[in-house]
Amino acid sequence: MAKKKEILRGAEIFCRALKDEGIKHLFGYPGGAVLHIYDELYKQDAVEHILVRHEQGATHAADGYARATGKPGVVLVTSGPGATNAVTGIATAYLDSIPLVVFTGQVSTHMIGNDAFQEVDSIGITRPCVKHNFLVKDVKDLATTIKKAFYVATSGRPGPVVVDIPKDVTADSCEYEYPDKVDISSYKPVVKGHPGQIKRAAELILSAKKPMIYSGGGVILGEASKELTQFTKLLGYPITNTLMGLGAFPATHKQFVGMLGMHGTYEANMAMHHCDVLIAIGARFDDRVTGDLEKFCPYAKIVHIDVDPSSISKNVPVDIPIVGDVKHVLKDLLAILKSDGGQKPDAKALKAWWKQVDEWRALDCLKFDRDTEVIKPQYVVEKLWELTKGDAFVTSDVGQHQMWAAQFYKFDKPRRWINSGGLGTMGFGVPAAMGVKLAYPDETVACISGEASLVMCIQELSTCLQYNTNIKILSLNNRYMGMVRQWQEFFYSSRYSHSYMEALPDFVKMAESYGHVGMRIEKSSDVEGALKEALALKDRTVLMDFVTDQTENVYPMIASGKGHHEMHLSSDKDRELA
Amino acid sequence: MRHILSLLMENEAGALSRVAGLFSARAFNIESLTVAPTEDPKISRMTIVTSGSDAIIEQIMKQVNKLVDVVKVVDLNDTRHIERELMLIKVAAKKTDRAEIKRMVDVFRGRIIDVTENSFTIEMTGTGEKLDAFIQALDERLILEVVRSGVSGIARGDKAIHS
Ligand SMILES: Cc1ncc(C[n+]2csc(CCOP(=O)(O)OP(=O)(O)O)c2C)c(N)n1
């Protein structure tokens, strides 16, 4: 006999559905439209609600949580300003394909469209920056819609999904049943790659004389790091990662030639330029990666593996596209490569190619001055890497510090490097770190920030205190919006228009006023000691204000409109190499 | 090049705005767009006339396909197809002009569907080109009002879009 179903109110259904979905953390901020839901949250303890201090913080925290764990991040905000405050975080997740489910309260259904108090068209506002969104008009649809939201957010190419819930829907009642799975006839993500294409790709890959593997965030999102590593080691080819793909292949392995693109290494960009076969895996040929498309990989035949057909041949036409889940496709490729009697890579050609790549590598493009009393930002990151044995979770904000973090913290594991690559959202770092720490309370979580980015979501320091998410914030304080200043130096004859950070707060006192530990570090020789001290304070959040070299620039740099072989390597040695 | 895309989508609230929003956000061109429910009330069919290079049309197809509500999209240019558009046009029709206008309507196989002392309202279907030609053929000063439906398209032969 069928079990009698319970009759529940919408707000109860919401809480039960999250529980049945296995959700442990909900990042949120209350308001009128979601008060019924908050009342139910009060009565249960299956889902822990994390009260942020700004809805942007909620979305970034959920996003950091999702990036670190691979599980969806979940957010609850009220209607109107709650929803609009969340938009930056939703767009951030969208551009980096991060699975979020964001619940926005809405005015009651009969008031929709009346310019009611705290009404905005959340569906309309978020439409261009979500994978999909739903307006729930009837409590009977609530449970299924929640299930659909999680399914869409986490399957195929992941992304944020918004569910807009009018207040009356949370008050109405119906029978509750949470579906085990849902089927959306118009939504069928591809999993397996086309066998014929995979075979052709394997042939091309093995025929290469100057091969190059270029992998991106898709490998991390697709949990295919292990397969990528096997594949790369088996072939013995050089590999570069995008900003989003760092950690998918161990950065300390000799086949890794560093990040590519605008601030990529000399060896990675040169190898891109000169390769004859490019194997692009879970990467999307972003403009910060490709530079001038006219000059992109001029000698290469390109294989592109991606779960999203629209990523293929969007910016760069490719020779062998394979649409499919990267993990599946890599497994299939590995099976072919490992099969007995099959073709093997051209060892002689590969040796010559590595000789060339190693010559480029010998240029040591990331070197910086280590004999200064003034703190070099690169040095701080390098020390953090050493002291955490390369095993910390590192979030960042946006700017020069982000690039230095990417260049100098060598990530050997996926999901350790957490940054807003696509949207480039200042303010991301602190709340994201908080989300990571909630997921992994025993791990070291550091946020590498700049003094301008840091204050964009500084209010979340209160949340850190409340939930004991003890993060280590390394602010590389150059008293400039460094990346803006760098562009102004290079492209606007050093006219530093509004990029100087005047009237900065006393960061030590600020940290203390939030109940945390603040440190100000002014000398290079103090960096290591301070970091050790901060890392030892396991149960405290520490804000380290590193007073760094004001004029340091990020190198190498490819200016807009230039090709991979046209890098600036340093200010006094602007070499263009081909 | 001009392409006619036919798409089937879930008849959900906001589905139209997803498609329209996609075109504007990605700077794709829309010449015309028509939409109405199909024989299955849960599914709407949309015909979009757009233009662009092969690469752009490929992107449009992929991006439209990616929308969660979209069940299917086909480029009618890939097959032999029929396109039709409906036009209603109101023209000033004084006694002296009436015979000439009627003759023209007959030539273009239109129908006069409303008559007043001073005007005719004409209904005409055909390809966009034919409708353009009719407008061209009329004395510009006589035209009072034009409304066009935008193109609807369907493939020739016995194969249906669902299959
Ligand atoms: C929300 C937001 N506003 C503006 C920008 C543009 N922007 C990019 S980097 C940057 C400067 C960041 O300065 P800081 O955080 O001090 O880092 P630094 O570059 O000095 O390391 C700015 C303003 C942005 N990325 N995000």
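Scope of this entry: the structure provided in the associated data block. (Residues numbered from 1 in each chain as written. Chains lettered and ligands numbered in written order. Predicted model: local features only at pLDDT ≥ 70, side-chain atom pairs only at ≥ 80, totals over all residues. Heavy atoms only, no water.)

## Notes on the overall build of chain A
Argument step 1. Assigned secondary structure in chain A consists of 22 helices and 20 strands.
Argument step 2. Relative to a compact globule of 578 residues, whose C-alpha radius of gyration would be 25 Å, chain A shows 25 Å and is just as compact.
Argument step 3. Seen along its three principal axes, the alpha-carbon backbone of chain A occupies a region of about 70 × 60 × 40 Å.
Argument step 4. When the 578 residues of chain A are sorted by exposure, 60% land in the buried category.
Argument step 5. At a minimum sequence separation of 6, the contacts of chain A that also span at least 24 residues come to 76%.
Argument step 6. Looking at chain A as shown, the accessible area adds up to about 22500 Å², and 52% of this sits on carbon and sulfur atoms.
Argument step 7. Here chain A holds 65 positive side-chain charges and 70 negative ones, and the gap between their average locations is 6 Å. (Helix = DSSP H or I, 4+ residues; strand = E, 2+ residues; numbered from the N terminus. Rg over C-alpha atoms; globule rule 2.2 N^0.38 Å. Buried < 20%, exposed > 50% of the residue type's maximum accessible area, 1.4 Å probe, protein only. Contact = heavy atoms within 4.5 Å. Areas by Shrake-Rupley, 256 points an atom, 1.4 Å probe, with all protein chains shown as cover. Lys, Arg positive; Asp, Glu negative; His and termini not counted. Charge placed at Lys NZ, Arg CZ, Asp CG, Glu CD.)

## A word on the interface of chain A and chain B
A common way to report how large an interface is uses the accessible area buried once the components associate.
Argument step 1. Facing 18 residues of chain A, the contacting portion of chain B comprises 16 residues.
Argument step 2. Taking both sides of the interface into account, the surface hidden between chain A and chain B amounts to around 1300 Å²; carbon and sulfur atoms contribute 48%.
Argument step 3. A per-residue breakdown of the area chain A buries against chain B is headed by A:Arg127, A:His132 and A:Ser186, which together make up 40% of the total.
Argument step 4. At the surface where chain A touches chain B, the tally comes to ten residue pairs in polar contact (both at pLDDT 80 or more).
Argument step 5. Among the residues forming the side of chain A that touches chain B, the class breakdown is six nonpolar, six polar and six charged. (Buried area = accessible area lost by both parts, 1.4 Å probe. Polar contact = N/O pair within 3.5 Å; in protein donor to acceptor, adjacent residues only side chain to side chain. Nonpolar A, V, L, I, M, F, W, Y, C, P; charged D, E, K, R; others polar.)

## Some thoughts on the pattern of salt bridges
Here the idea is simple: oppositely charged side chains can pair when their charged atoms come close.
All names here are of chain A.
Argument step 1. Counting across every chain of the model gives 43 salt bridges over all chains.
Argument step 2. Close ionic contact of lysine 43 with aspartate 39 constitutes a salt bridge, the shortest N to O distance being 3.5 Å.
Argument step 3. On the basis of relative accessibility, which here comes to 56%, the residue lysine 43 falls in the exposed class.
Argument step 4. Classification of aspartate 39 as partly exposed rests on a relative accessible area of 38%. (Salt bridge = Lys/Arg side-chain N within 4 Å of Asp/Glu carboxyl O.)

## Topic: unusual backbone geometry
Argument step 1. A cis amide bond links A:Tyr555 to the next residue, A:Pro556, at an omega of -10°.
Argument step 2. Along the polypeptide, A:Pro556 turns up in the segment after β20 (542-547).
Argument step 3. The backbone phi angle of A:Arg415 is positive, close to 65°, even though this residue is not glycine.
Argument step 4. Within the secondary structure, A:Arg415 sits in the loop between α16 (400-408) and β16 (417-418).
Argument step 5. Given the relative accessible area of 10%, A:Arg415 is considered buried.
Argument step 6. The phi angle at B:Ala27 is positive, at roughly 55°, despite the residue not being glycine.
Argument step 7. Secondary-structure assignment places B:Ala27 in the loop between α1 (15-25) and β2 (32-37).
Argument step 8. A relative accessible area of 68% places B:Ala27 in the exposed class.

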